[in-house]
Amino acid sequence: MWRWNQTSLEDFILQGLFDDSFNHLCLFLLIMLVFLTAVSGNTLTILLICVDSHLHTPMYFLLSQLSLMDLMHVSTTIPKMASNYLSGKKSISFVGCATQHFMYLSLGGAECLLLALMSYDRYVAICHPLRYTVLMSRRVGVTMAVMSWSSASVNSLIHTSILMSFPFCGSRIIHHFYCEYPAVVKLVCGDVTLYETTVYICSVVLLLLPIILVSTSYGFILHSVIQMHSAGSKRNAFATCSSHLIVVSLWYGACMFSYMRPRSQRTPLQDKVSSVFYSIITPTLNPLIYTLRNKDVAKALKRVLRSYVVV
């Protein structure tokens, strides 16, 4: 059993993304603009699904959960990064670092699982449309969401507890803009080879199992689409699945690049770039992809805006 001591409980130093140069100031402003877009887009998606009765279906319930995860994800990392940059401080407390690590790992894992379960929803909608209300009832949708949140939270709690129980020493400088696992584990004093191997295996399983489910679901979907005789039905099927496939590709691609590479091939710059992509860019693109490419969401937005204009 590892023991916490006074040294381990000291503050960490987040290196951050930016320095005091004008170019980095412009980059900071750009990231803040992207952050505001992510917050606005995901908040709007959640509100639309809650307000418009036409979107009270399992598919859109799962979409609202995805938007909530993205909203919480960007809120876990960017505000702290921005406050440190604007105040000139770079410190983060031990408890703050542990909380940040737990939150981003929980939300990332939950999103991996939820995207896989959403592919099953698309499979049922296209391959078994007449049985959709039975196979994908409201209760099933809620169960999927609860499974995603709870499984990822338990996994994150275990990993965070173990990681933050190790003794930390040295400069305590985290070469990152938040407390991501690869950057924090480098500060541990002692041999963490076994723990790193365990985390690597868990990451592979957490990513590969959902990818297998997604691939299987879309394999059946492709088979059903090929057998369709109507060109219009094929277009509708592809339109229904394309948004989800884009989001899945962006998210899993970034996560695989970040967590399935051996430690010897990692650099702090690569970790930062990949983290910016899946912790900022992807949560910003998700609502834009679903909103702009989804006719139901676009119609719901028009209905809500029309009702407010009339009032």
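All of these numbers come straight from a predicted model, not from anything done at the bench. Throughout this description, residue numbers start from 1 for each chain and increase along the sequence as written. Reporting of local features is limited, given that this is a predicted model, to residues whose pLDDT is at least 70; pairs of side-chain atoms are given and counted only at 80 or more, and all residues count toward the totals for whole chains, interfaces and linings. Side-chain metrics rest on all non-hydrogen atoms present in the structure, leaving aside hydrogens and water.

A. Inspection of the packing of helix H5 (residues 138–163) against helix H7 (residues 193–227) at higher detail. Working convention: axes come from line fits to C-alpha atoms, limited for helices to the stretch in contact. Angles between N-to-C directions cover 0 to 180 degrees. Helix and strand assignments follow DSSP, with helices taken as H or I runs no shorter than four residues and strands as E runs no shorter than two, numbered in order from the N terminus. Running from N to C, H5 and H7 cross one another at 165°; their axes reach a closest spacing of 12 Å. Classified by the angle between their axes, H5 and H7 sit roughly antiparallel to one another. Our pair here, H5 against H7, has a crossing hand that is left-handed. Across from Asn155, His159, Ile162 and Leu163 in H5, the residues of H7 making contact are Tyr195, Val199, Cys202 and Leu206. Here the angle decides the label: under 35 degrees means roughly parallel, over 145 means roughly antiparallel, 65 to 115 means roughly perpendicular, and every other value means oblique. Handedness of a crossing is defined here by the sense of rotation of the near helix relative to the far one, left-handed for an anticlockwise turn of less than a right angle and right-handed for a clockwise turn. It only takes one pair of heavy atoms within 4.5 Å for two residues to be counted as in contact.

B. Summary view of the sheet that holds strand E3 (residues 173–174). At least two DSSP bridges between two strands are needed for those strands to be called paired. Within the open sheet, the three strands sit side by side as E2-E1-E3. Their pairing is mixed. Where the open sheet ends on each side, the last strands, each with one partner, are strand E2 (91–92) and E3. Direction of pairing for strand E1 (residues 12–14) relative to E3: parallel, over a ladder of two bridges. Of the residues in E3, the one forming a bridge with Ile13 is Ile173.

C. Structural detail: the pattern of salt bridges. We count a salt bridge whenever a side-chain nitrogen from Lys or Arg sits within 4 Å of a carboxyl oxygen from Asp or Glu. Going through the model one piece at a time under the given rule, you end up with two salt bridges. A salt bridge links Arg122 to Asp121; the shortest N-O distance between them is 2.6 Å.

D. Representation of the packing of aromatic side chains in the model. Planes of paired rings set the category: under 30 degrees apart is stacked, over 60 is edge-to-face and the rest tilted, where pairs are Phe, Tyr or Trp rings (Trp by its six-membered ring) whose centres lie within 6.5 Å. Taken as a whole, this structure holds eleven aromatic pairs when the rule is applied. Taken together, Phe12, Phe94 and Phe168 form an aromatic cluster joined through their ring pairs. Cation over ring: Arg138 sits above Phe61, and NZ or CZ is 4.6 Å from the ring centre. Each ring is checked for a lysine NZ or an arginine CZ that lies within 6 Å of its centre and within 35 degrees of its normal; such an atom marks a charge sitting over the ring. Geometry around Phe12 places Arg172 over its ring, the cationic atom sitting 4.5 Å from the centre.

Just geometry here; none of it tells us what the structure is for.
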